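Read off the chains here:
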Amino acid sequence: MSLGKMGKPQRPKGPEVGLVFPTDKKGGRGSTFGNKGAWAAAVAAVDPAEGTKVEKEKSWRQKYTKYIVRQVQLGLNSPKNAVSIAQGGLDYCYKNFEFIRDGKTYKLGEALEKFGGSHAFETGVIEGDGKLPKFGPECQVPYGKKVLKGEALKAQLDKWASYGTIEPSARDAITYLVDNPKVLDLSDKYFVLLGAGSAMGPLLTLLSLGANIIAIDLDRQGIWERLIRETRNSPGTLIFPLKKKQSTLKSDAEIAAQAGGNLFTDTPEIRAWLMGVERGKDLVVGAYAYLDGELHVKVSLAMDAIIRDLTKMRKATPAYLCTPTDVHVITKEAHDAAAKEYKKINFTNVVSRLSPFALPGTGYLVKNALDPVKAEDGEELYLVDGIVGRQGPNYALAKRIQHWRAVVAREVDKVNVSSNIAPSTATVSVTSNKLFALAYKGFHFFAPLEVFQQETSNAVMAAMLIHDIRNPKVPSNPKNKLRNPLELFTYGSLHGGVWRMAYKIDSIGEPAAFLYLFTTPLGMMIVVAFWAIVLGIIKGYAGF
């Protein structure tokens, strides 16, 4: 046992098992090598020279963002480019990330073939005791101290869209559910939720609408006791993997103790169980598990290994929650709105540009509106760089794996895809970071930004998912033409204002925190005291 900081004993790490990063030239498994490798392979599929630049970048952690922007720009040159980049990145992951079991190491793709043909899971089923409303469910969204529905909800959707917090296509999608409440009865639908207990997942909304939930989460009793309890109190059904036959288990607590599996170590077996569960039913399979750092990449890839085969072999609909802090293709209207916001003379722009944050070279208050990309066919396509560099290259890769799969699923496997952009949300994991918490409190100064509360985000994103599987005219349906596959992420976006604000989201964190503090009573007192001291010094030098 070694000693860490402050002399505290640290337990030695056990041997790695399950899904792991590739080994680098020195035999280590640091995340940078595999991270760069995936991005390099993706872009090299259409521009080998650009792939070489990625491989040779020595300051990857500090400079990774510009390579992501460049990759999206290259993808916009043609539909073929977009698909080739996505396939190149995914192929790298399956050929280079590894899977360790019983002391032996396999490439991920090999492990899925070797161990994915069978499983030892039983199938558990819990049916809820609740009932759907007598006259059917209706679309509802908690917001502030109210629960919005009907005309009140439509009015709020109009307000968000007019202000620029969400795209008009997102407003129209949720309005479709308000106007067609019959589609909200989900008793005929089957949803595979990978990371079923995730804070941002749609579990509770789907259960309340009578859905059949095929749940995957860690084999921890507390998690499954909650999932079973929530199901019992709903009109929905929970289907899940068990280590023992359900008939041998006498209580919900005993069932919970035997439920679940580990996406990192049981990837092939979970995939095999899902391939056989509820045969003949159309599946929607959602990726909702989230972890920090390199674990996020690993869990994203583990989920992709399952989604890949469910889309290919069962024609399942993959579902994702995209982050607004990424590089996205946007409409010309969103681009023009950002440019207009930048030119406004208002409190935020005046105060910000008179502050030290506006000094050249600081990296703050960077203009959001970017020049369009001119595609091979002459079309101009617009994009937004919403990356927050401090989230790191592992976060970016974990989310990009989902982008790549969404593109391949729609364009190659020809399945419908639900991949909508969720708003910035005040979850516990985000607000526990003091700087992020302060910045979030000041975001409202930067119109049209709005940070959503978790219950609001959950409701609107579940609504978008339901819309995508119920409305055949949705752009994500491969039967409906897009100019470029990357436009899949353009429609139905609830970005929270990131696309239409004056400045890049990565350049307003500290200014937002400053503006928040500046407008508090304590902040104003500090400012007054500061200027009183400055004036006192000036008077002293002037001899007043």
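The rules behind the values
Residues numbered from 1 in each chain as written. Predicted model: local features only at pLDDT ≥ 70, side-chain atom pairs only at ≥ 80, totals over all residues. Heavy atoms only, no water. Phe/Tyr/Trp six-rings, centres within 6.5 Å; stacked < 30°, edge-to-face > 60°. Helix = DSSP H or I, 4+ residues; strand = E, 2+ residues; numbered from the N terminus. Buried < 20%, exposed > 50% of the residue type's maximum accessible area, 1.4 Å probe, protein only. Lys NZ or Arg CZ within 6 Å of the ring centre and 35° of its normal. Axes fitted to C-alpha atoms, helices over the stretch in contact; angles between N-to-C directions. Parallel < 35°, antiparallel > 145°, perpendicular 65-115°, else oblique. Left-handed = near helix turned anticlockwise from the far one by under 90°. Contact = heavy atoms within 4.5 Å. Nonpolar A, V, L, I, M, F, W, Y, C, P; charged D, E, K, R; others polar. Lys, Arg positive; Asp, Glu negative; His and termini not counted. Salt bridge = Lys/Arg side-chain N within 4 Å of Asp/Glu carboxyl O. 1 Å grid on protein atoms, 1.4 Å probe; cavity = no way out; pocket = protein on both sides within 12 Å on 5 of 7 lines; lining within 4 Å. Points joined across faces, edges and corners; volume = space filled by probe spheres on them. pLDDT = per-residue confidence, 0-100. Pairing = 2+ DSSP bridges. Core = buried A, V, L, I, M, F, W, Y, C linked by side-chain atoms within 4.5 Å. Right-handed = clockwise from strand over helix to strand, strands pointing away.

Overview of the packing of aromatic side chains
And then number 1: For the structure shown, the criterion picks out 16 aromatic pairs.
And then number 2: When the centroid spacing of 4.9 Å and the interplanar angle of 50° are considered together, the rings of F21 and F97 count as tilted. A residue pair is termed long-range when its members are at least 10 positions apart, and F21 in the loop between strand 3 (18-20) and helix 1 (31-44) and F97 in the loop between helix 4 (79-96) and strand 4 (98-101) qualify at 76 residues.
And then number 3: Judged by relative accessible area, which is 0%, F97 ranks as buried.
And then number 4: Between Y106 and F115 the ring centres are 5.3 Å apart and the planes differ by 85°, which places this aromatic pair in the edge-to-face class. Here Y106 matches F115 in class, with each residue buried.
And then number 5: One aromatic cluster is present, formed by W60, Y64 and Y67 through successive ring pairs.
And then number 6: The ring of F115 has R101 lying over it, and the distance from NZ or CZ to the ring centre is 4.6 Å.

Examining the packing of helix 3 (residues 60-75) against helix 15 (residues 392-411)
And then number 1: Look at helix 3 against helix 15: their axes get within 9 Å of each other, and the N-to-C directions meet at 25°. Judged by the angle between their axes, helix 3 and helix 15 are roughly parallel. By crossing handedness, the relation of helix 3 to helix 15 is classed as left-handed. Taken together, the residues of helix 15 that come into contact with helix 3 (itself represented by W60, R61, Y64, I68, Q71 and V72) are G392, P393, A396, R400 and W404.
And then number 2: Along the lines of polarity and charge, the residues of the contact of helix 3 with helix 15 split into seven nonpolar, two polar and two charged.

Concerning the side chain of K399
And then number 1: Considering the arrangement of structural elements, one finds K399 in helix 15.
And then number 2: Of the side chains bearing the opposite charge, D326 lies closest to the buried K399, which forms no salt bridge; the N-O distance is 7.5 Å.
And then number 3: Residues in contact with K399, not counting those within four places in the same chain, are H296, L321, T323 and D326.

Quick look at the layout of surface pockets
And then number 1: If you add up the space inside the second largest pocket, you get close to 530 Å³.
And then number 2: In this structure, the second largest pocket is lined by 28 residues; those nearest its centre are Q140, L204, T205, S208 and A459.
And then number 3: Those elements that place two or more of their residues in the lining of the second largest pocket are strand 7 (140-143), helix 8 (203-208) and helix 18 (454-470).
And then number 4: No other element matches the seven residues that helix 18 contributes to the lining of the second largest pocket.
And then number 5: Along the lines of polarity and charge, the residues of the lining of the second largest pocket split into 17 nonpolar, eight polar and three charged.

Examining the confidence of the model for the protein
In low-pLDDT segments, the atomic positions of the prediction should not be examined closely.
And then number 1: Taken residue by residue, the protein gives an average pLDDT of 92. The fraction at 70 or more is 93%.
And then number 2: Confidence over residues 1-12 falls short of pLDDT 50; this stretch has ten contacts with residues more than four positions distant or in other chains.

Notes on the sheet that holds strand 5 (residues 104-107)
And then number 1: The strand order across the open sheet built from three strands is 3-4-5, with neighbouring strands paired in antiparallel fashion. Two strands in the sheet have a free side with no partner beyond their single neighbour: strand 3 and strand 5. Averaged over all neighbouring strand pairs, the angle between strand axes comes to 30°, with direction disregarded.
And then number 2: In this sheet, strand 5 lies alongside strand 4 in antiparallel orientation, the contact comprising four bridges. Bridge pairing links I100 to T105 in strand 5.
And then number 3: Against the sheet, helix 5 (residues 108-115) engages strand 3, strand 4 and strand 5, with an angle of about 105° to strand 5.

As for the nonpolar core
And then number 1: Judged by nonpolar contacts, the single largest core of 108 residues is most densely connected at L194, I214, L263, L274, W404, F443 and F446.
And then number 2: Listed in part, the 52 residues of the second largest apolar core include L148, F191, I255 and V284.

Overview of the pairing of strand 11 (residues 237-242)
And then number 1: In terms of residue burial, strand 11 counts as a mostly covered element, since six of its six residues are buried.
And then number 2: Burial along strand 11 is two-sided: T237, I239 and P241 and L238, F240 and L242, pointing in opposite directions, are all buried.
And then number 3: Here six bridges tie strand 6 (residues 122-127) to strand 11, and the two strands are oriented antiparallel to one another. Its bridge partner lying in strand 11, I126 is registered against L238.
And then number 4: Relative to strand 11, strand 10 (residues 212-216) runs parallel, the two sharing three bridges. Directly across from I214, in strand 11, lies its bridge partner I239.
And then number 5: Taking the sense of rotation as the criterion, the β-α-β connection linking strand 10, helix 9 (residues 221-232) and strand 11 turns out right-handed.

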